[in-house]
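Residues per chain are reported as follows:
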Amino acid sequence: MDGSSSMVWKYLHTFCRFLTSIAIRLTSKTINNTSKLVIIMKNGQAGHVDSFEDSTYHFPAIRGIQAGKEYYITMFPLKSIVQLFSFDDSDLPPKMRAQRTLNHARIPVIANYLVSNPKDYVLSSITASVDSEVQFVPIGQRGNESKIGKLIVPMAAKIVVNDGQHRKAAIEAALRSRPELGLDTISVVLFMDSGLKRCQQMFADLNKHAVPPTKSLGILYDNRDPFSQLVLSLLETVPIFDGLTEFEKTTISNRSVKMFTLSSIYQATEALLGKCPDLETNFDNYMNIASEYWNEVYQNVPEWQWVVDKRVTTAELRKEYIHAHGVALHALGRVGHALIEQYPDVWREKLPQLQKINWSRENTRVWEGRAMVGGRINKSQANLALTSSIVKIFLGLQLTPDELTAEKRLLKAIEGPVYDRD
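Quantities reported herein were computed from a predicted structural model and do not represent experimental measurements.

Asks: Where do I start with the layout of surface pockets in this structure?
Replies: A water-sized probe, rolled over the atoms, reveals where empty space remains. By volume, the largest pocket is sized at about 540 Å³. As for the largest pocket, its lining consists of 20 residues, and the residues nearest its centre are Ile252, Arg318, His325, Gly326 and Ile377. Ranked by residue count, the leading element in the lining of the largest pocket is helix α11 (residues 314–320), at 3 residues. The class makeup of the residues in the lining of the largest pocket is 7 nonpolar, 8 polar and 5 charged.

Asks: Quick question: what am I supposed to make of the pairing of strand β4 (residues 69–77) here?
Replies: Across a regular strand the side chains alternate sides, sitting on one face of the sheet and then on the other. Sheet topology places strand β3 (residues 56–66) next to β4; 6 bridges connect them, and they run antiparallel. By the bridge assignment, Ala61 is partnered in β4 with Thr74. The loop that links β3 with its antiparallel partner β4 comprises 2 residues; one of these, Ala67, has a positive phi angle of about 50°. For β4 and strand β10 (residues 185–192), the ladder comprises 7 bridges, and the chain directions are antiparallel. Note on β10: the bridge partner recorded for Tyr71 is Phe191.

Asks: Sorry, what's going on with the nonpolar core here?
Replies: Ranked by size, the top nonpolar core spans 58 residues in total, and within it Ile240, Phe241, Trp294, Trp304 and Trp359 carry the most contacts. When residues of this core are traced back to their parent elements, those giving at least two are α7 (226–235), α8 (262–273), α9 (283–299), α10 (302–308), α12 (326–342), α14 (364–367) and α15 (381–394). Excluding anything up to four places from it in sequence, Trp294 contacts Leu234, Val238, Phe241, Ala268, Thr269, Leu272, Leu329, Leu332 and Gly333. Ile107, Leu123, Val161 and Ala170 belong to the second largest nonpolar core, which has 37 residues in total.

Asks: I tried to follow α12 on my own but got confused; where do I start?
Replies: Three- or four-residue spacings in an α-helix give side chains the same orientation, since the helix completes a turn every 3.6 residues. For α12, with 17 residues, the first-to-last C-alpha span of 24 Å sits near the 24 Å given by 1.5 Å per residue. Most of α12 sits inside the fold, with 12 of its 17 residues counted as buried. Of all the positions in α12, only Gly326, Val327, Ala328, Leu329, His330, Ala331, Leu332, Gly333, Val335, Gly336, Ala338 and Leu339 are classed as buried.

Asks: Looking at this structure, how should I read unusual backbone geometry?
Replies: In terms of backbone geometry, most residues other than glycine have negative phi values and most peptide bonds are trans. One non-glycine residue, Ala67, lies in the positive phi region at around 50°. Looking at the element boundaries, Ala67 is found in the loop between β3 and β4. Ala67 sits in the exposed class, given a relative accessible area of 77%. Despite not being glycine, Lys310 shows a phi value in the positive range, around 65°. Tracing the sequence through the fold places Lys310 in the loop between α10 and α11.

Conventions adopted
- Residues numbered from 1 in each chain as written.
- Predicted model: local features only at pLDDT ≥ 70, side-chain atom pairs only at ≥ 80, totals over all residues.
- Heavy atoms only, no water.
- 1 Å grid on protein atoms, 1.4 Å probe; cavity = no way out; pocket = protein on both sides within 12 Å on 5 of 7 lines; lining within 4 Å.
- Points joined across faces, edges and corners; volume = space filled by probe spheres on them.
- Helix = DSSP H or I, 4+ residues; strand = E, 2+ residues; numbered from the N terminus.
- Nonpolar A, V, L, I, M, F, W, Y, C, P; charged D, E, K, R; others polar.
- Pairing = 2+ DSSP bridges.
- Core = buried A, V, L, I, M, F, W, Y, C linked by side-chain atoms within 4.5 Å.
- Buried < 20%, exposed > 50% of the residue type's maximum accessible area, 1.4 Å probe, protein only.
- Contact = heavy atoms within 4.5 Å.
- Expected span 1.5 Å × (residues − 1).

Structural data, given as structure tokens:
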């Protein structure tokens, strides 16, 4: 083993020793009232203190520099996150808070994720500020040794979460169901608190450039969601989806060669199948229904076949036809659900009626106010409902009371026959 490798192993060995000692120190907050607390602090000398305020926590840490200021990366057991970290979710006005209030609807979602996947979950780092002076004791004075060491934090210090408040609250909720998760650790980035304005600026900076992944990308990478897996498997069985699906974006540019986004196909298939509580045990059955339905639709929309046969481009189809857009695909999913529900044995015989629909965007007497507003495609919930209801009418399906009400409202706002099939 060469010198550099030996030095790396030395760092790792020392850091592991820190990790082993952290659990003991964190669970031993106080000592017998008749004893004095011992800390290793100034000048590397052991000293004795009599008050709780002067006692400390010791954490393994890595020291870094950002904008000329020190910060520290360390690890906390989940149970200590609950005990030591605070989050001000009071009724103070926004200007007096360091960040937004908790969205309590998010907490059970994250907590359930932890409880349901105790052996296969991932939590990103929490960012927090410490409101008192801390000490960093490096393992050495040169090179990387000066960046790895022990962080000493007074027990009286207040550690406030700047980013990750929902993770912190969810951890607390999850530990009530699975206390054994308390020994797991989460990485924490600690900054030195310079007051309310600094904390507010940190919150703004941490969230200013945060961009969540698109829904399509989330579906593509979610191996835990069986419905995502169903939709991904479905793509290969339907010609209009196979090779023509946009996997990363939730919108399709005018020049794109893709036909539909993955998120649109997911939403449309979700509307088609409805709730699937037994999806994992009856995966093949749901898969067959979805595949058969979308293939039947494909056979009855000639323009989709033109794209697959490369007789037209997807860009040309989007420019000219309603059914080349996500709102129509989603509507067809909703129509399929009603079709199979109302005609479980003969639903396939109804789908040739799709060929009689004039899907052209120039057919404004049908599509304006439904899939289009002012000549532009619109996918609001109201437009989706009206697009679904007109396709249902063409197929001879019953409308729901809400759809009938929406239809009557639309009819009052337009002139001339709406159900023009030419």
